[in-house]
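Survey of secondary and tertiary structure
Here is how the chains run, residue by residue.
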Amino acid sequence: MKIICIGRNYADHAKELENAVPSEPVFFMKPDSALLLNNQPFYLPDFSNDVHHEVEVVVRINRLGKHIEEKFAHRYYNEIGLGIDFTARDIQKKCKEKGLPWEIAKAFDSSAPLGKFLKLEKMGNNVNSLQFRLDKNHELAQEGNMADMIFPIDKIIAYVSKFVTLKIGDLIYTGTPAGVGPVKIGDTLIGYLEGQEMFNFEIK
Ligand code: ZN
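Attention in this report is confined to the structure presented alongside it.

1. Considerations on the pairing of strand E14 (residues 196–202)
As judged from the six bridges shared by strand E13 (residues 188–193) and E14, these two strands associate in the antiparallel manner. Note that in E14 the partner of Leu193 across the bridge is Gln196. In sequence, E13 turns back onto E14 through a hairpin of two residues, with Glu194 there showing a positive phi of about 50 degrees.

Quick look at the structure:
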């Protein structure tokens, strides 16, 4: 199982980090050891002083595929979830300055909390305008709508599968909207998709 993450998929977030809006999707990967399930607490790593939350809609692949055409991409998933792409922003900044890969800022253990999934058939099969949000300590921190994605899910699947075979159980984190920010010990993060609570865990 692999975790594929899309960067800069919402124009407002690209702007807040002063990144150009990309003309093709930008993706990177996290290993399976990044997964954090069942609302377990996230322990702040000691190598960063600036770990940021990035709430993201997550797609789980349910068929093997390579070179998937965009028009057939919807056949490769049937449920949608919500997770966080934890990012050590201080380290990522250094990597960017040096032109280095982002792994140590993005792929560390437990950097990919994942909540429950909702069946698309129960949501009218509409993945193009779902609303999601992240509350930090019971206050709104990030809010997004999938309609604002620069690259919608089917485009992402078509693009990624040109380079990487998608397998059953692979996860795609589809990028974060504006409002990313640091977490500290004692914070509670609760994610909602279409008003339903998807995850709820603590920072330790
Ligand atoms: Zn992200």
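2. Looking at the sheet that holds E14
A sheet is described by the order of its strands in space; here four strands give the open sequence E10-E9-E13-E14, paired in antiparallel fashion. What marks the edges here is a single partner per strand, and that holds for strand E10 (139–145) and E14. Between one strand axis and the next, the sheet turns by 15 degrees as a mean value, whatever way the strands run. Inspection of the sheet shows strand E9 (residues 131–136) paired to E13 by five bridges, in the antiparallel sense. Counted as the bridge partner of Lys136 is Leu189 from E13.

3. What about the coordination of the zinc ion?
The zinc ion binds to the protein through Glu54 (OE), Glu56 (OE) and Asp85 (OD); the donor distances cover 1.9 to 2.0 Å. Using a relative accessible area of 0% as the deciding quantity, one classes Glu56 as buried.

4. Re unusual backbone geometry
In the Ramachandran plot, Arg8 falls in the positive-phi region, its phi being about 50 degrees despite a non-glycine side chain. Inspection of the secondary structure puts Arg8 in the loop between strand E1 (3–7) and helix H1 (11–16). With relative accessibility at 23%, the residue Arg8 sits in the partly exposed group. Of note, the phi angle at Asn38 is positive, near 60 degrees, even though the residue is not glycine. Residue placement: Asn38 occurs in the loop between strand E3 (35–36) and strand E4 (51–53). Taking the relative accessible area as the measure of exposure, Asn38 reaches 70% and is therefore exposed.

5. Things to note about the packing of aromatic side chains
As enumerated under the stated definition, the model contains nine aromatic pairs in all. Measuring from ring centre to ring centre gives 4.0 Å for Phe42 and Phe86, while their planes differ by 25 degrees; the resulting arrangement is stacked. Residue Phe42 is found in the loop between E3 and E4, and its partner Phe86 is found in the loop between strand E6 (79–84) and strand E7 (87–88); the two are separated by 44 residues along the sequence. Residue classification places Phe86 among the buried residues on the basis of a relative accessible area of 0%. Seen from their ring centres, Phe47 and Phe108 are 5.4 Å apart, and the 75 degrees between their planes marks the pair as edge-to-face.

6. A word on the pairing of E1
Counting buried positions over the five residues of E1 gives five, a clear majority of the element. A two-sided burial pattern is seen for E1, the buried positions comprising Ile3, Cys5 and Gly7 on one face and Ile4 and Ile6 on the other. Relative to strand E11 (residues 171–173), E1 is paired through three bridges, and the arrangement is parallel. If you follow Cys5 over to E11, its bridge partner there is Tyr173. Relative to strand E2 (residues 26–30), E1 runs antiparallel, the two being bridged by five bridges. Among the inter-strand pairings, Ile6 is bridged to a residue of E2, identified as Phe27.

7. Considering the pattern of salt bridges
Within the structure shown, the criterion is met by 12 salt bridges. Across the pair Glu54 and Arg89 runs a salt bridge, and its minimum N-O distance is 2.9 Å. Residue Glu54 is found in the loop between E4 and strand E5 (55–60), and its partner Arg89 is found in helix H2 (residues 89–98); the two are separated by 35 residues along the sequence. As far as the burial class goes, Glu54 and Arg89 line up, both buried. The residue Glu97 makes a salt bridge to Lys93 at a minimum N-O spacing of 3.7 Å. Pair noted here: Glu97 and Lys93 are both in helix H2, with a separation of four residues, about one helical turn. In terms of burial, Glu97 and Lys93 fall into one category: exposed. Shared partners join several salt bridges into a network, and the residues in it are Lys30, Glu54, Asp85, Arg89 and Lys106.

So, how was this worked out
- Residues numbered from 1 in each chain as written.
- Predicted model: local features only at pLDDT ≥ 70, side-chain atom pairs only at ≥ 80, totals over all residues.
- Heavy atoms only, no water.
- Pairing = 2+ DSSP bridges.
- Helix = DSSP H or I, 4+ residues; strand = E, 2+ residues; numbered from the N terminus.
- Axes fitted to C-alpha atoms, helices over the stretch in contact; angles between N-to-C directions.
- Donors = N, O, S within 2.8 Å, 3.2 Å for Na, K, Ca; no water.
- Buried < 20%, exposed > 50% of the residue type's maximum accessible area, 1.4 Å probe, protein only.
- Phe/Tyr/Trp six-rings, centres within 6.5 Å; stacked < 30°, edge-to-face > 60°.
- Salt bridge = Lys/Arg side-chain N within 4 Å of Asp/Glu carboxyl O.

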